[in-house]
2 protein chains.
Amino acid sequence: MTHANAGGLPFQTIGIVGCGLLGCSIAAALRSRRFPGSIVGCGRPGKNLDTALGRKLIDRAESDLGQAAAVCDLIVVCTPVDRIVEDIRIAAGRARPGTLITDVGSVKRFVCEAAGELPAGITFIGSHPIAGSEKQGCAHADSDLFEGRVCVLTPRPTSPREKVVSLTSFWQSLGMSVVEMSPEAHDRALARTSHVPHLVAAALAATLALENRSLTGGGFQDTTRIAGGDPQLWSAIFLSNAGEVTAGLRAVVSRLEELRSAIERGDKGRLEELLKVAKQNRDGLGPASKGAAAP
Amino acid sequence: MTHANAGGLPFQTIGIVGCGLLGCSIAAALRSRRFPGSIVGCGRPGKNLDTALGRKLIDRAESDLGQAAAVCDLIVVCTPVDRIVEDIRIAAGRARPGTLITDVGSVKRFVCEAAGELPAGITFIGSHPIAGSEKQGCAHADSDLFEGRVCVLTPRPTSPREKVVSLTSFWQSLGMSVVEMSPEAHDRALARTSHVPHLVAAALAATLALENRSLTGGGFQDTTRIAGGDPQLWSAIFLSNAGEVTAGLRAVVSRLEELRSAIERGDKGRLEELLKVAKQNRDGLGPASKGAAAP
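Reading the values: rules and limits
Residues numbered from 1 in each chain as written. Chains lettered and ligands numbered in written order. Predicted model: local features only at pLDDT ≥ 70, side-chain atom pairs only at ≥ 80, totals over all residues. Contact = placed C-beta atoms within 7 Å. Helix = DSSP H or I, 4+ residues; strand = E, 2+ residues; numbered from the N terminus. Nonpolar A, V, L, I, M, F, W, Y, C, P; charged D, E, K, R; others polar. Buried ≥ 20, exposed ≤ 12 C-beta atoms within 10 Å, placed from the backbone. Pairing = 2+ DSSP bridges. Axes fitted to C-alpha atoms, helices over the stretch in contact; angles between N-to-C directions. Parallel < 35°, antiparallel > 145°, perpendicular 65-115°, else oblique. Left-handed = near helix turned anticlockwise from the far one by under 90°. Domains from an automatic or database assignment.

## Quick notes on the interface of chain A and chain B
Opposite the 78 residues of chain A that make contact, chain B presents 77 residues. Top element by residues in the side of chain A that touches chain B is helix α7 (residues 183-206) of chain A. It accounts for 15 residues. For the side of chain A that touches chain B, the residue count by class is 43 nonpolar, 22 polar and 13 charged.

Here it is as C-alpha cells:
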C-alpha cells in the first residue's frame, strides 16, 4: 500500500483523546507515516492506554485531559459521541492559544453547535473520518484503517482558513480524501449511509430465531455484520441525529412496504423494477468490505 | 481444505440441468472430490456450456433435457426457481425407472407439491444447498462453494428411504452438512434467513442518493451486498414464497418501527435493549463472508 506521509505536518505534539480503536489507529497511522513529532495519548488508565504505550503508538500516556491539552497543538477527540462535547470543553479550557481541536464523531451538528463558544485563540473544526470497524479497543488498531477512505470536515464560515488547511493535510497524511460539508448536510447524508443501515442490520438480526441460526448463509451474515457494534455507542449516535435518522428510517420502511405490496399483488414487473434500481445503486459501489465499517 | 470424497457415490451418471454458477460449482466439486462417473451438462447452447466443457467440468454437453435425462441415474435441476417444476417434469418423462431427481431451489413447497405426480419408479426429493454467490455463470464456478455449508433436504414421508440416503451422501460428498425438514418449515425459515434479508438490502440500496455514494463505508457496502443479485431470479423466489416472505417483512418493519419510536421518544434504555438483542443474535453467527451468499 502506498503510504501518504505525515513528515511535514504543521504540528509538533498531537493529543489523542480516547485511546480506543479509532484513536489508536490514528496514532498507528501517524507512526507508520513517519510523523516526527510527539503523540500524547489521553484516557482512563487501563488496558487501552497500556496497549498504546506497549506498542509504542503513543510517546506518553496522560489521564488528565487538561494537562494533555496544555502541551498539544492538535487535539483529536476520539471519545464516544455522548462525551465529545464535554471533552472538547475541558481540552479548550486548558489549551494554549493557536491550538486546533477536532473530533472523529459520526454526528456533527450538535457537536459543532456546542463547540461554538470556545476561549479566544482556540479553534474547533469537526471531522468525520468515514472508517472504522465493529471491533473495539486499541488491540485492534490498524495503521491502514484510513487509507483510501473519505474524511468529512465541517468548518464554519468563520473558521480560520489556515486551520482548515492544516486539518485537511492531517487527514490526507493518513491516506484520506477530504471533503467539506456543513454539519447539517453531513448529518443528513450519514443518516442514510451509516446510521439507518445500522438500524436495518439490527432489526434483521433481532428477528433471527435461534433455531434458524444454522440456516443462515453469507447473505445474512454480511447484511447483519454491523449489528455487532456496541449498543451504547450507537444509541448515542442515533439519539444525537434523531431527526435525520427517523426520516431515513421512514424512507426505507416505505420502500419495504412497496416491495411487500408488489409481492402480495404478485406484480412481477413492479418487483423486478424495484430490485433493478437497488442493483444499479449497489453495483455503483465497491465489493463488500473485509471487516471495515463506517460507524 | 479437507475434501470430502465423491469416489463412492451410488451414481454412475449425474446430469446437471442448468450450467450456471450453482450447476457448474456442483460439477467442479464432484471433479475435485474424485467422482469416478460421468457428468452430463444440460442447458441452452452458449457460453456457460462452452465454459463447462472447456474447463472439463462436464464430460458431455446436451441441449435436449429429455435425452440427457434418459442416461442419468441422478439429475440435479439447477435452473432458476420459475423453471424448476417444468424441468423436473420433462426430465421425469424420459428418465429410466430408479432415477433420482433433485433441485437446488431456494423455495421448496411449490416445487415439492408440483413434483408430487411423477411417472412410476422416478423419485423427486427437494434439496436446497445453502451456498451461492451474487455472481452468476459457469465462469465463477467454485469447487469449494459447498464446503462446510448446510444443505436442506425436503423428502416426503413416502420418499423411498434409500433414495434419501443416497441424496444425503451426494451432498455430504461435496462437503455439506445435511438436515431434513418439511418443505413448509424450510420455506418459513429461509424467508427469514435469506429472502427477507435480500429485500432489506435492496430497500436500503434503493434509497441511496447518487451524491451520497462517496460517503458510504464498509458498513453500507456489506449491508447491501446481496442487493447486487439478479432481479429476475430473486423476483421469482419472492413470488414463490410470497406468504412467508411478506410475514417476515412485516416482522422486520415492526422492529424498525420500534427502533424509530424509541429514537423519537429519546428512550435510550429501550434503544440499547433492542440493539443488545440484535448484537447477541449477530455475535452468535460467524464473521461476514468473503463473497458467498445464500440465494
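## A short note on the pairing of strand β1 (residues 13-17) of chain B
Residues and elements named next belong to chain B. Of all five residues in β1, four are buried; the element is thus mostly enclosed. Examined bridge by bridge, β1 and strand β2 (residues 38-42) share five bridges and lie parallel to one another. Within β2, the position partnered with T13 by the bridge is S38.

## Considering the packing of helix α9 (residues 231-240) of chain A against helix α11 (residues 268-283) of chain B
Their axes nearest at 9 Å, the elements α9 of chain A and α11 of chain B cross at an angle of 130°. If you check the angle between α9 of chain A and α11 of chain B, you find them oblique. In the packing of α9 of chain A onto α11 of chain B, the handedness of the crossing is right-handed. Where α9 of chain A approaches α11 of chain B, its residues P231, Q232, W234, S235, F238 and L239 of chain A are matched on the opposing element by K268, L271, E272, L275, K276 and K279 of chain B.

## Things to note about the domain arrangement of chain A
Residues and elements named next belong to chain A. The domains assigned to chain A are domain 1 (13-181) and domain 2 (186-283). Each partner contributes to the interface: domain 1 provides 14 residues, whereas domain 2 provides 14 residues. Where the side of domain 1 that touches domain 2 is concerned, the elements lending two or more residues are α4 (81-94), α5 (109-114) and β8 (150-154).

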